[in-house]
Amino acid sequence: MGSRPLRRPHDAIAEIHMFGSRGYQWVLDADIEACFDRIDHAALMDRVRIRVADKRVLTLVKAFLKAGVLTEHAGLKESDTGTPQGGILSPLLANIVLTVLDEHVMAPWRPGGTMNTTYQRHARRAKGLPTWRIVRYADDFVVLVHGHQPDVETLREDIARVLAPLGLRLSPAKTRVVHMSEGFDFLGFRIQWRRKRGTSQWYVYTFIADRPLKAVKAKIRAMTHRVSQANPGTILARINQILRGWANYFRHAVCKHTLNNLRHFAEWRVIRWLRKLHRWRWKQFRQRFTTPSGRWLPLSMNGTVLFNPASVTVTRYRYRGAIPTPWATANHA
C-alpha cells in the first residue's frame, strides 16, 4: 500500500485490525533507517527495468537520481544513493524498490506457497510453525505473526538480509518486537489488544497516538500565541482547516473523547488569545459571545466560526480485502 491509486492509510490499519483479531498477536514494528537517503541506485534501476523497457524513460529516471541536491549555501551535493526527499518521483521509486520486501515476505501466500490456503495455515500452526503477513504503507511497515516471539526475531533477521542488497537497514533503536497487548504506533494510530470494559472479551482497538495529538496542539499554540497580532478571521480559518483535516483522518479510530478534548483545547486557546488581542475582560468577552439569556454562542470572528472537531462522525473503517489496481482492469484497446 501507499503511493498507489485507491490505497489509503486506513486500509493498512484495517488490515492490521483484521489479522490482529485472528490470532496474529506478535508484531515486528519495523523502521527503515533513512529509507529515502540510502536506496541503492543500481538495485532500484534493476527493479524499474523489470516493468519499463523504454531506454529514454530509464535514462530520465537515472538522471533524476543522479541530479544532486542543492544545499542551503547554494552548493550542489552529489547524490550517489537515495532518492531526493520531496521529489515528485521519490515516493514512487521508493515504493518500487520496497516491493522486493513484499515479494519475499509474502511469497508463502502466493499460489503454490506453504501458506496459500486457510488449510495450509492451520496445518502449519498445528505443527507449531508460525504464519505471518506484512502490512506496508510507503516506507512504514509492520509484520504480524501468528506464533511466538522467537519467530518474530527470526523474521527480523531475514528481513534485514533482504534489505541489505537494496542499501537499506532496519533502525536498531526504532525497530522492536512487541505483543499486540503492549500496543504500537503506526501511521499516527495506536493499535492495541485490550479487554472490553465490563466484559472478559479482548479486542483489537485503534486509538489516536500521542504524537499526532501533540503535533496538532503545537500548531494551534503557534497560531494563537499571546503576542500574535494576526487577523482573527484568517487565524480561525486556518485553524479550521487543520482541525477539519485532522479529525477526518482520525475519525475511524476510537476517538470521540479525544476529539472532544481537542475541541476544549482549541476553544480555550482562541478565547485566551482573543482576550489578550482585544484587551477584553471576562465580562466583556461574555457579553460578546453570549445571548441575552446567557447561552454561549459559537466562537467566531469576521464571519468565521471555529470548527468543532467533536462534530465529526466517528465510524468504523471496514477492511476492503484485496484492492485491485486500476491497471488490472483498464481497457487499453
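Here the structure is a predicted model, which is why all the values come from computation and not from measurement.

Draft legend 1. Examining the sheet that holds strand β7 (residues 184–186) more closely. Taken in spatial order, the three strands make up an open sheet running β7-β8-β9, and their pairing is antiparallel. The sheet is open, and its two borders are formed by β7 and β9 (202–208), each paired with just one other strand. Between one strand axis and the next, the sheet turns through 30° on average, direction left out of account.

Draft legend 2. Highlighting the pattern of salt bridges. A full pass over the atoms with the stated rule returns 12 salt bridges. Two residues, Asp102 and Arg136, come together in a salt bridge whose shortest N-O distance is 2.7 Å. In this pair, Asp102 sits in helix α5 (residues 90–105) while Arg136 sits in strand β4 (residues 131–137), placing the two residues 34 residues apart along the sequence. The class for Asp102 is buried, based on a relative accessible area of 17%. You can call Arg136 buried: its relative accessible area is 4%.

Draft legend 3. A look at the packing of helix α10 (residues 256–278) against helix α11 (residues 282–289). Packing of α10 against α11 brings their axes to within 11 Å, and their N-to-C directions diverge by 115°. Crossing handedness for the pair α10 and α11: right-handed. Across from Trp268, Ile271, Leu274 and Arg275 in α10, the residues of α11 making contact are Trp282, Phe285 and Phe289. Its residues placed into classes, the contact of α10 with α11 shows six nonpolar, no polar and one charged.

Draft legend 4. Spatial organisation of the packing of aromatic side chains. Evaluated as defined, the whole model comprises 15 aromatic pairs. Ring geometry for Phe19 against Tyr24: centres 5.4 Å apart, planes inclined by 85°, an arrangement best described as edge-to-face. Judged by relative accessible area, which is 9%, Phe19 ranks as buried. Residue classification places Tyr24 among the buried residues on the basis of a relative accessible area of 4%. Note on Tyr205 and Phe207: the rings are 6.0 Å apart at their centroids and 25° apart in plane angle, and the pair reads as stacked. Pairwise contacts between aromatic rings join Trp268, Trp280, Trp282, Phe285, Phe289 and Trp296 into one cluster. The positively charged end of Arg133 is found above the aromatic ring belonging to Trp109, 4.6 Å away from the centroid. Over the ring of Phe265 we find Lys217; its NZ or CZ atom is 5.2 Å from the centre of that ring.

How each quantity is defined
- Residues numbered from 1 in each chain as written.
- Predicted model: local features only at pLDDT ≥ 70, side-chain atom pairs only at ≥ 80, totals over all residues.
- Heavy atoms only, no water.
- Pairing = 2+ DSSP bridges.
- Helix = DSSP H or I, 4+ residues; strand = E, 2+ residues; numbered from the N terminus.
- Axes fitted to C-alpha atoms, helices over the stretch in contact; angles between N-to-C directions.
- Salt bridge = Lys/Arg side-chain N within 4 Å of Asp/Glu carboxyl O.
- Buried < 20%, exposed > 50% of the residue type's maximum accessible area, 1.4 Å probe, protein only.
- Left-handed = near helix turned anticlockwise from the far one by under 90°.
- Contact = heavy atoms within 4.5 Å.
- Nonpolar A, V, L, I, M, F, W, Y, C, P; charged D, E, K, R; others polar.
- Phe/Tyr/Trp six-rings, centres within 6.5 Å; stacked < 30°, edge-to-face > 60°.
- Lys NZ or Arg CZ within 6 Å of the ring centre and 35° of its normal.

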